[in-house]
Amino acid sequence: MPETVEFLTSGELTGPLPRRLRVVLRYRADDPYAVHLCFPSGARFDEEPGAGSGLSWTVGRELLAEGSHTPAGLGDLRLRPLPSAGTVRLTFHSAEGFAAFHLEASDLQDFLAASYRLVPPGTESERLCWPETAEEFANRLF
């Protein structure tokens with residue numbers, strides 16, 4: 001079992017039908033550049049999020065860190081700190097539209113701090129198990 005940091009919290013989904021949603025922030029030492037944001041399916045509160053159901057969005061740990069202090073991101077995920085509200089707005093974009101989710105800035109900072117204790121910034125590449133040959137790389141892909 002890989003070393004993992006999981007942080008269960010909730011945030012505010014904004015828009016025409018605003019509501020609080022639970023989210024699990026998950027970081028694994030064997031995937032050191034990525035953070036998984038796992039939302040429960042259908043925004044139901046009676047099931048555990050991220051356990052094979054719901055929506056999971058993968059984002060770079062560095063992007064989350066940057067976006068907690070300054071606007072960051074292009075494309076399908078953009079982050080903007082909102083210091084007056086004590087939150088970070090994550091805006092998810094797709095061909096169908098976008099969704100804005102407000103996460104407590106302190107929760108994000110606590111999660112990032114725990115991930116840095118597990119894998120300090122700048123040491124991520126030491127955790128990767130790179131294939132030794134092109135053939136081995138191809139075998140892992142297929």
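This one's a predicted model, so the numbers in the text were calculated from it and none came from an experiment. (Residues numbered from 1 in each chain as written. Predicted model: local features only at pLDDT ≥ 70, side-chain atom pairs only at ≥ 80, totals over all residues. Heavy atoms only, no water.)

## Focus: the overall build of the chain
From N to C terminus, the chain includes three helices and seven strands. Written out in order from the N terminus, the α and β elements of the chain read β-β-β-β-α-β-β-β-α-α. Taking all 142 residues of the chain together, 37% fall into the buried category. Long-range contacts, defined here as pairs at least 24 residues apart, represent 38% of the contacts in the chain between residues at least 6 apart. When the accessible surface of the chain is split by element, carbon and sulfur atoms take 56% of a total near 8,500 Å². (Helix = DSSP H or I, 4+ residues; strand = E, 2+ residues; numbered from the N terminus. Buried < 20%, exposed > 50% of the residue type's maximum accessible area, 1.4 Å probe, protein only. Contact = heavy atoms within 4.5 Å. Areas by Shrake-Rupley, 256 points an atom, 1.4 Å probe, with all protein chains shown as cover.)

## As for the pattern of salt bridges
Going through the model one piece at a time under the given rule, you end up with three salt bridges. R20 serves as the salt-bridge partner of E12, at 3.7 Å between the closest nitrogen and oxygen. Here D30 ties to R28 by a salt bridge, and the two come within 2.6 Å at their closest N and O atoms. (Salt bridge = Lys/Arg side-chain N within 4 Å of Asp/Glu carboxyl O.)

## Overview of the environment of L103
Counting through the fold element by element, L103 comes out in strand β7 (residues 97-104). The class for L103 is buried, based on a relative accessible area of 3%. For the pair L103 and S10, spaced 93 residues apart in sequence, the C-alpha separation works out to 7.0 Å. In this view, L103 contacts T9, S10, V23, L25, G86, T87, V88, L90 and L108; residues no more than four positions away in its chain are not counted.

## Topic: the sheet that holds strand β2 (residues 19-28)
Ordered by their spatial adjacency, seven strands build an open sheet running β4-β3-β2-β1-β7-β6-β5, and the pairing between neighbours is antiparallel. Single-partner strands in this sheet number two, and they are β4 (55-60) and β5 (77-82). The average undirected angle you get between the axes of adjacent strands in this sheet is 30 degrees. Here three bridges tie strand β1 (residues 4-13) to β7, and the two strands are oriented antiparallel to one another. If you follow G11 over to β7, its bridge partner there is L103. (Pairing = 2+ DSSP bridges. Axes fitted to C-alpha atoms, helices over the stretch in contact; angles between N-to-C directions.)

## Observations regarding the nonpolar core
L37, L64, L90, F92 and F101 are the most contacted members of the largest nonpolar core, which has 27 residues in total. When residues in this core are grouped by element, the largest group, five residues, is from helix α2 (residues 105-118). Once you skip the residues sitting within four places of it in the chain, L90 turns out to touch L37, L64, L77, R78, L79, A99, A100, F101 and L103. (Core = buried A, V, L, I, M, F, W, Y, C linked by side-chain atoms within 4.5 Å.)

## Looking at the packing of aromatic side chains
Remark: the centre distance and the inter-plane angle together describe each pair of aromatic rings, the angle taken between the planes. One pass over the full model with this rule turns up three aromatic pairs. Plain terms: the ring middles of F39 and F101 are 5.1 Å apart, the flat faces sit at 90 degrees to each other, and that makes the pair edge-to-face. Of this pair, F39 sits in strand β3 (residues 34-39) while F101 sits in strand β7; the two residues are 62 residues apart in sequence, bridging distant segments of the chain. Residue F39 is classed as buried on the basis of its relative accessible area of 8%. Between W57 and F92, the aromatic rings sit 4.7 Å apart at their centres with planes inclined by 65 degrees, giving edge-to-face as the arrangement. A residue pair is termed long-range when its members are at least 10 positions apart, and W57 in strand β4 and F92 in strand β6 (residues 87-94) qualify at 35 residues. Pair check on accessibility: W57 and F92 agree, each one buried. Counting every residue linked through ring pairs, the aromatic cluster contains F39, W57, F92 and F101. (Phe/Tyr/Trp six-rings, centres within 6.5 Å; stacked < 30°, edge-to-face > 60°.)

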